[in-house]
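Residue-level structure breakdown
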Amino acid sequence: MERTNFNMYLFKALDAYPYDLEEAIEALNYALSYDDKNAKALCLMGKVYAEQLGEYEAAKECYAQAMASNMEVPYIYPDYVRTLIMNEDYKEAQKLLDFAIDLKAVDKAALYFYQGLLNEVQSEYKEAINAYKQAKKHGLNNEFIRRIEEEIGRVKGKLGKKKSKNKKKRKEDTSKNRSK
């Protein structure tokens with residue numbers, strides 16, 4: 001009976017999120033009162049903390065508890081990595097990406113997308129483009145693939161600006177050296 005109640009509340013929370021946050025959180029709290037170690041419920045709570053409240057440390061705790069409960073659950077990783085990136089925990093995000101990419105049934109397209117994002121926020125534009133290309137390769141729908149193509153184009157624009165800035169700087173350095 002307890003398992004049935006847990007599932008009922010978890011399904012209510014999943015159905016309500018993100019459109020009816022009050023109902024989602026209420027149902028989620030009930031679900032967690034029945035099973036406080038359930039990875040799916042903890043991930044949804046982490047998502048609420050990260051995406052709705054911007055409380056990344058609380059979200060990280062939820063995701064860490066979910067991983068402690070079952071590290072093999074593939075749906076933990078994309079949202080956890082995103083949370084780490086948003087919280088500027090780049091080394092931790094990279095370690096998690098390196099671990100998660102080899103898990104069976106994990107959303108590789110999402111993980112490669114977040115690898116690209118991680119590279120991009122660290123100004124590693126060539127690596128970001130390569131990661132986005134991998135995401136595109138693993139993408140399963142046209143909308144996702146179009147978005148990845150846009151990301152690649154946007155990052156190529158940044159890469160072009162970076163190259164032109166470096167070229168301009170080298171030119172200035174050369175002129176300074178000649179005037180000495």
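Figured I'd write up the structure that's included with this text. This is a predicted model, so every value here is computed, not measured.

So, the overall build of the chain
When its secondary structure is counted, the chain shows nine helices and zero strands. The helix and strand sequence of the chain, counted from the amino end, reads α-α-α-α-α-α-α-α-α. When the 180 residues of the chain are sorted by exposure, 38% land in the buried category. Contacts spanning at least 24 positions in sequence make up 49% of the contacts within the chain whose residues lie at least 6 apart. Working note: accessible area of the chain is about 11,300 Å², and carbon and sulfur atoms make up 49% of it.

A look at the packing of helix α5 (residues 76-86) against helix α7 (residues 108-121)
Orientation of α5 relative to α7, taken along the N-to-C sense of each, is 10 degrees, at an axis distance of 9 Å. Between α5 and α7, the crossing angle belongs to the class labelled roughly parallel. Packed against α5, whose contacting residues are Tyr77, Pro78, Val81, Arg82 and Ile85, the element α7 presents Ala110, Leu111, Tyr114, Leu117, Leu118 and Val121 at the interface. Class assignment for the residues of the contact of α5 with α7 results in ten nonpolar, no polar and one charged.

As for the side chain of Glu151
Turning to its location among the elements, Glu151 is positioned in helix α9 (residues 142-179). For Glu151, a relative accessible area of 12% puts it in the buried group. Among residues more than four places away in sequence, those in contact with Glu151 are Phe113, Glu120 and Tyr132.

Regarding helix α1 (residues 2-16)
Along its 15 residues, α1 runs 21 Å from first to last C-alpha, staying within 8% of the 21 Å computed at 1.5 Å per residue. Buried residues along α1 sit against α2 (21-34) and α3 (39-53).

Quick notes on the packing of α1 against α3
Packing of α1 against α3 leaves a shortest axis separation of 11 Å and a crossing angle of 30 degrees. Between α1 and α3, the crossing angle belongs to the class labelled roughly parallel. α3 is crossed by α1, and the crossing has left-handed handedness. Listed contacts from α3 to Phe6, Leu10, Ala13 and Leu14 of α1 are Lys40, Ala41 and Leu44. Looking at the contact of α1 with α3 residue by residue, the classes come out as six nonpolar, no polar and one charged.

Conventions used here
- Residues numbered from 1 in each chain as written.
- Predicted model: local features only at pLDDT ≥ 70, side-chain atom pairs only at ≥ 80, totals over all residues.
- Heavy atoms only, no water.
- Helix = DSSP H or I, 4+ residues; strand = E, 2+ residues; numbered from the N terminus.
- Buried < 20%, exposed > 50% of the residue type's maximum accessible area, 1.4 Å probe, protein only.
- Contact = heavy atoms within 4.5 Å.
- Areas by Shrake-Rupley, 256 points an atom, 1.4 Å probe, with all protein chains shown as cover.
- Axes fitted to C-alpha atoms, helices over the stretch in contact; angles between N-to-C directions.
- Parallel < 35°, antiparallel > 145°, perpendicular 65-115°, else oblique.
- Nonpolar A, V, L, I, M, F, W, Y, C, P; charged D, E, K, R; others polar.
- Expected span 1.5 Å × (residues − 1).
- Left-handed = near helix turned anticlockwise from the far one by under 90°.

Shape descriptors only; they carry no functional weight alone.
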